[in-house]
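Structural overview
Take a look at the letters that make up each chain.
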Amino acid sequence: MTKKWWHDKVAYQIYPKSFCDSNGDGIGDIPGIISKLDYLHDLGIDIIWLSPCYCSPLADEGYDISDYYRIDPRFGTMDDMDRLIAEAKKRDMYLLMDLVVNHCSDEHEWFQKACKDPEGKYGNFFYLEDKKEDTLPTNWRSYFGGPVWEDLPGTKKQYLHVFHKKQPDLNWENPQLREEIYKNINWWLEKGIGGFRIDAIINIKKALPFRNYEPDRADGLSSINNMLKEAQGIGQFLGEMRDRTFKNYDAFTVGEVFNEKPEEISDFIGENGYFSSMFDFNETICGGSEKGWYDARQITPEEYKTCCFEAQKKAGQIGFLSNIIENHDEPRGVSRYLPQGDCTVKSKKMLAALNFMLRGIPFIYQGQELGMENVPFASIDEIDDISTLDEYQTALNAGLSPEEALNAVSRFSRDNARTPMQWSADKHAGFTTGTPWLKVNPNYTTINAASQQNDKGSVKNFYKQLIALRKHPEYKNTIVYGTLEPVWEDQKNLMAYYRKEDKTLLVIGNYQKEEQAVHLPQTYKRILLNNDSTLRQTDNILYLSGYQVVILEF
């Protein structure tokens with residue numbers, strides 16, 4: 001494997017709207033991000049991924065872009081962005097922008113021109129079909145519910161949107177469209193950013209010609225995934241994009257890739273892969289249901305362990321996964337992956353270590369380093385997320401009461417991760433002096449950055465120790481490039497694995513509140529990290545207390 005500048009880095013995702021508000025309007029902004037760069041640098045962060053801050057009507061919170069070359073005034077100006085890039089570089093940090101090119105906003109000038117002249121140049125930037133009486137071009141269901149087809153304003157045509165109706169899909173089959181995308185990518189790279197996180201990229205290739213699929217819900221529609229399974233030839237687009245853009249700048253790219261086939265891993269993240277890395281979503285999709293969130297179940301410790309090891313085996317030594325516990329599209333990881341009632345400082349540290357020591361690039365989502373948790377929603381009226389609102393209606397249609405439906409969707413709502421960052425115990429968690437755009441989690445008085453900063457036993461300082469260990473000259477090579485070998489896989493609620501290269505490290509986590517014993521094959525050399533004050537042992541038998549995690553060197 002050719003060593004790259006990003007292999008040993010630690011990444012941090014910022015959701016700009018909820019990170020830090022500098023002007024008191026209740027919305028986070030770029031100057032607010034700049035004010036917190038030293039906080040991130042002190043934590044040990046190298047790469048910052050910004051969720052979209054381009055001009056947008058915010059139908060899907062910025063993932064509906066109306067101008068790829070402008071910063072939305074809510075977040076600041078292009079001068080602010082240039083300053084952010086420069087200030088990050090001063091701290092040896094790299095900035096990733098969010099590349100959202102499966103779709104744009106219906107308020108983008110391309111779409112506006114397509115409405116005026118659907119047969120012209122810009123009509124071919126989208127998927128347009130003639131409108132027919134009483135029938136849709138296909139029966140695909142969008143990710144946010146309902147059909148993927150919507151009337152093209154002022155015409156007798158319909159356009160395709162696999163997400164929100166204000167997010168028309170871009171027609172990647174059109175070379176002129178691709179040229180416009182590459183031009184924009186290179187424009188940002190010329191500005192000095194380090195690369196991109198690439199949104200929903202699997203969706204750019206549709207199965208052609210369009211056809212219907214077997215309906216899978218009472219609405220008579222079929223999951224969009226049924227079409228994606230049949231789509232062939234995405235590599236032609238992704239390889240061209242890599243060669244025309246990223247490769248020329250040695251940029252770091254991480255793809256949001258679902259539904260990839262095992263034989264395609266090397267194509268995506270191998271030596272000459274389309275991307276530098278791709279996210280591991282094995283854990284996030286576990287327990288899901290075709291019926292909807294209301295039918296999804298809590299993932300168990302055994303399942304979490306299996307999901308992690310399956311992903312690691314799949315990637316092997318081919319390339320690097322980007323490992324996550326949560327992001328802007330998921331609920332808080334500690335509320336999702338820890339058994340109900342067991343969400344404590346200690347168990348949060350265990351989950352952090354088990355994930356962080358996996359082979360790959362660790363991505364921390366804002367507030368994850370504090371152990372931020374899901375929000376108790378009192379009413380569906382407190383929800384902003386369009387995906388949650390759709391799933392709530394799906395649950396009601398399935399016969400759940402409003403209270404049952406709210407409880408069901410609250411577990412998975414994307415708003416859990418989008419509530420304001422909890423900086424302090426001050427009003428509105430120190431996020432804003434105004435009224436926050438989304439409610440603050442009421443536990444901010446006990447879970448916040450200020451209270452954890454100088455607390456050696458805090459979740460934040462445990463993350464800081466994990467990052468320091470990853471960067472330690474003595475252990476970096478093993479943690480970054482070493483193999484991962486699971487051990488004691490049959491022992492219930494125990495997740496353990498070796499990392500082996502020039503050093504041999506063993507990570508062991510007791511994924512339950514009851515004590516567990518493990519018999520070490522030999523005497524360890526030293527304890528590198530321990531989330532408990534002690535480690536009880538007799539000879540080579542370790543007795544791990546509930547949710548204890550240790551990292552040992554042999």
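Everything below is about the structure shown above.
Residues numbered from 1 in each chain as written. Predicted model: local features only at pLDDT ≥ 70, side-chain atom pairs only at ≥ 80, totals over all residues. Heavy atoms only, no water.

**Points about the environment of Met78**
Relative to the assigned elements, Met78 resides in helix α4 (residues 78-90). Judged by relative accessible area, which is 19%, Met78 ranks as buried. With 48 residues separating them along the chain, Met78 and Ile30 place their C-alpha atoms 9.6 Å apart. Apart from residues no more than four positions distant in its own chain, Met78 is found in contact with Tyr69, Arg70, Ile71, Trp187, Trp188 and Lys191. (Helix = DSSP H or I, 4+ residues; strand = E, 2+ residues; numbered from the N terminus. Buried < 20%, exposed > 50% of the residue type's maximum accessible area, 1.4 Å probe, protein only. Contact = heavy atoms within 4.5 Å.)

**Concerning α4**
Its 13 residues give α4 an end-to-end C-alpha distance of 18 Å, which sits within 8% of 18 Å, the value for a rise of 1.5 Å per residue. Looking at α4, one finds that the buried residues are Met78, Asp80, Met81, Leu84, Ile85, Glu87 and Ala88. Taken from the residues just after α4, Asp92 is the one with a positive phi, measuring 60°. (Expected span 1.5 Å × (residues − 1).)

**Remarks on unusual backbone geometry**
Between Leu208 and Pro209 the backbone carries a cis peptide bond, its omega angle lying at -5°. Phi is positive for Asp92, which is not a glycine, with a value near 60°. Looking at where Asp92 falls in the secondary structure, it is placed in the loop between α4 and β5 (94-99). The exposure class assigned to Asp92 is exposed, which follows from its relative accessible area of 60%. With phi around 55°, Asp539 is a residue other than glycine that occupies positive phi space. The topology assignment puts Asp539 in the loop between β21 (536-538) and β22 (541-544).

**Structural notes on the environment of Ser266**
Among the secondary structure elements, Ser266 is positioned in helix α9 (residues 265-269). Discounting residues that sit within four places of it in the chain, Ser266 has contacts with Gly273 and Ile318.

**Some details on the packing of helix α6 (residues 175-191) against helix α8 (residues 234-244)**
Two elements in contact, α6 and α8, have axes whose closest approach is 10 Å; the angle formed by their N-to-C orientations is 40°. Classified by the interaxial angle, the pair formed by α6 and α8 is oblique. Taken as a pair, α6 and α8 cross one another with a handedness that is right-handed. On α8, the residues that touch Arg178, Glu179, Tyr182, Ile185 and Asn186 of α6 are Phe237, Glu240, Met241 and Arg244. In terms of residue class, the contact of α6 with α8 is built from four nonpolar, one polar and four charged. (Axes fitted to C-alpha atoms, helices over the stretch in contact; angles between N-to-C directions. Parallel < 35°, antiparallel > 145°, perpendicular 65-115°, else oblique. Left-handed = near helix turned anticlockwise from the far one by under 90°. Nonpolar A, V, L, I, M, F, W, Y, C, P; charged D, E, K, R; others polar.)

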